[in-house]
Amino acid sequence: MIIRPATLEDEPSIREMYLAFLNEVEAFGYDIPATPESVEKAWKSRFRPTIESKGPIFVADHEGAIEGFVAMTGLIPIKAINHGVYVRPAWRRQGVGYALMWAAKKWCRQLGVEKIFDMVSLTNEAGLKLMAKLGEEPVAFAYNLTA
Ligand SMILES: CC(C)(COP(=O)(O)OP(=O)(O)OC[C@H]1O[C@@H](n2cnc3c(N)ncnc32)[C@H](O)[C@@H]1OP(=O)(O)O)[C@@H](O)C(=O)NCCC(=O)NCCS
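The structure displayed is predicted, hence computed values, not measured ones.

**Points about the overall build of the protein**
Piece 1. Secondary structure summary: the protein contains four helices and five strands in total.
Piece 2. Reading the helices (α) and strands (β) of the protein from amino to carboxyl end gives β-α-α-β-β-β-α-β-α.
Piece 3. Relative to the globule expectation of 15 Å for 147 residues, the C-alpha radius of gyration of the protein, 15 Å, shows essentially globular dimensions.
Piece 4. For the protein, with 147 residues in total, the buried portion stands at 28%.
Piece 5. A separation threshold of at least 6 residues defines the contact pool for the protein, and within that pool the share at least 24 residues apart is 64%.

See below:
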């Protein structure tokens, strides 16, 4: 398994995994619809421009099969928005998520990025523990306005 920058040739795999990601993950309590339209919008507005500008989208490549990705988009001078990290279920708990995040984190540090916005829900134990294993500490919360 190698972790490498994504290219436009990875488009089908990234689209497929992003759809699986939307189906699986509850982020911030937002339920972004897991539809072809959502994937299309994300690909055109975030994924493709980031890849074209050689920004921080990395894939986990096992002999040409793409088994995971991390995408950090929406970069502004000191921040990055982490739109998600995903590993196909068969490859989980083998260090792939950690390796993807490590690559993205290294990229961010080189650019002087100090914070990432990670839309990880408090119910997402795997997502939270992954960030903890990377040595990252949460500094903010999001609240549901229910009252
Ligand atoms: C979160 C996710 C990317 C982790 O990928 P992974 O390749 O399985 O992660 P790793 O094997 O590198 O695990 C690194 C650490 O994360 C934590 N972790 C990963 N999966 C976990 C789980 N199911 N339960 C608890 N901790 C978990 C552990 O601390 C683990 O270290 P350890 O194996 O030494 O205990 C994967 O579960 C996934 O794709 N989930 C769906 C998408 C998602 O929730 N993304 C995060 C929000 S953006």
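**What to know about the packing of helix α1 (residues 11-24) against helix α2 (residues 36-52)**
Piece 1. Running from N to C, α1 and α2 cross one another at 120°; their axes reach a closest spacing of 10 Å. Overall, the two elements α1 and α2 adopt an arrangement that is oblique. The handedness of the crossing between α1 and α2 is right-handed. Residues Ile14, Arg15, Tyr18, Leu19 and Leu22 of α1 lie in contact with α2, whose contacting residues are Ser38, Val39, Ala42, Trp43 and Phe47.

**Thoughts on the site of the ligand**
Piece 1. Surrounding the ligand, one finds 23 residues, the nearest of these being Arg92, Gly97, Tyr98, Ala126 and Gly127.
Piece 2. When residues of the shell around the ligand are traced back to their parent elements, those giving at least two are α1, β4 (79-87), α3 (96-110) and α4 (125-133).
Piece 3. Per-element accounting of the shell around the ligand gives the leading share, six residues, to α4.
Piece 4. For the shell around the ligand, the residue count by class is ten nonpolar, six polar and seven charged.

**Quick look at the nonpolar core**
Piece 1. With 27 residues, the main nonpolar core has Phe58, Phe69, Val70 and Leu100 as its most contacted residues.
Piece 2. Where this core is concerned, the elements lending two or more residues are α1, α2, β2 (57-62), β3 (65-76), β4 and α3.
Piece 3. In contact with Phe69, not counting residues within four places along its chain, are Ala6, Ile14, Met17, Ile57, Phe58, Val59, Tyr86 and Leu100.

**Some details on α2**
Piece 1. Approximately 45° is the largest bend angle found in α2, and it occurs at Trp43.
Piece 2. For α2, the complete set of buried residues consists of Val39, Ala42, Phe47 and Ile51.
Piece 3. One or two positions beyond α2, positive phi appears at Lys54, with a value near 60°.

**Looking at the environment of Glu67**
Piece 1. Mapped onto the elements, Glu67 comes out in strand β3.
Piece 2. Using a count of 22 C-beta atoms within 10 Å as the deciding quantity, one classes Glu67 as buried.
Piece 3. Taking the C-alpha atoms as reference, Glu67 lies 16 Å from Leu8; in sequence the two are 59 residues apart.
Piece 4. Those residues in contact with Glu67 that lie beyond four places of it in its chain are Met1, Ala60, His62, Val87, Arg88, Trp91 and Val96.

**A closer look at the environment of Thr35**
Piece 1. Locating Thr35 in the fold gives a position in the loop between α1 and α2.
Piece 2. Along the primary structure Thr35 and Asn23 are separated by twelve residues, whereas in three dimensions their C-alpha atoms are 8.9 Å apart.

Cut-offs applied
Residues numbered from 1 in each chain as written. Predicted model: local features only at pLDDT ≥ 70, side-chain atom pairs only at ≥ 80, totals over all residues. Helix = DSSP H or I, 4+ residues; strand = E, 2+ residues; numbered from the N terminus. Rg over C-alpha atoms; globule rule 2.2 N^0.38 Å. Buried ≥ 20, exposed ≤ 12 C-beta atoms within 10 Å, placed from the backbone. Contact = placed C-beta atoms within 7 Å. Axes fitted to C-alpha atoms, helices over the stretch in contact; angles between N-to-C directions. Parallel < 35°, antiparallel > 145°, perpendicular 65-115°, else oblique. Left-handed = near helix turned anticlockwise from the far one by under 90°. Near = placed C-beta within 6 Å. Nonpolar A, V, L, I, M, F, W, Y, C, P; charged D, E, K, R; others polar. Core = buried A, V, L, I, M, F, W, Y, C linked by C-beta atoms within 7 Å. Bend = angle between axes of the 7 residues up to and from the residue.

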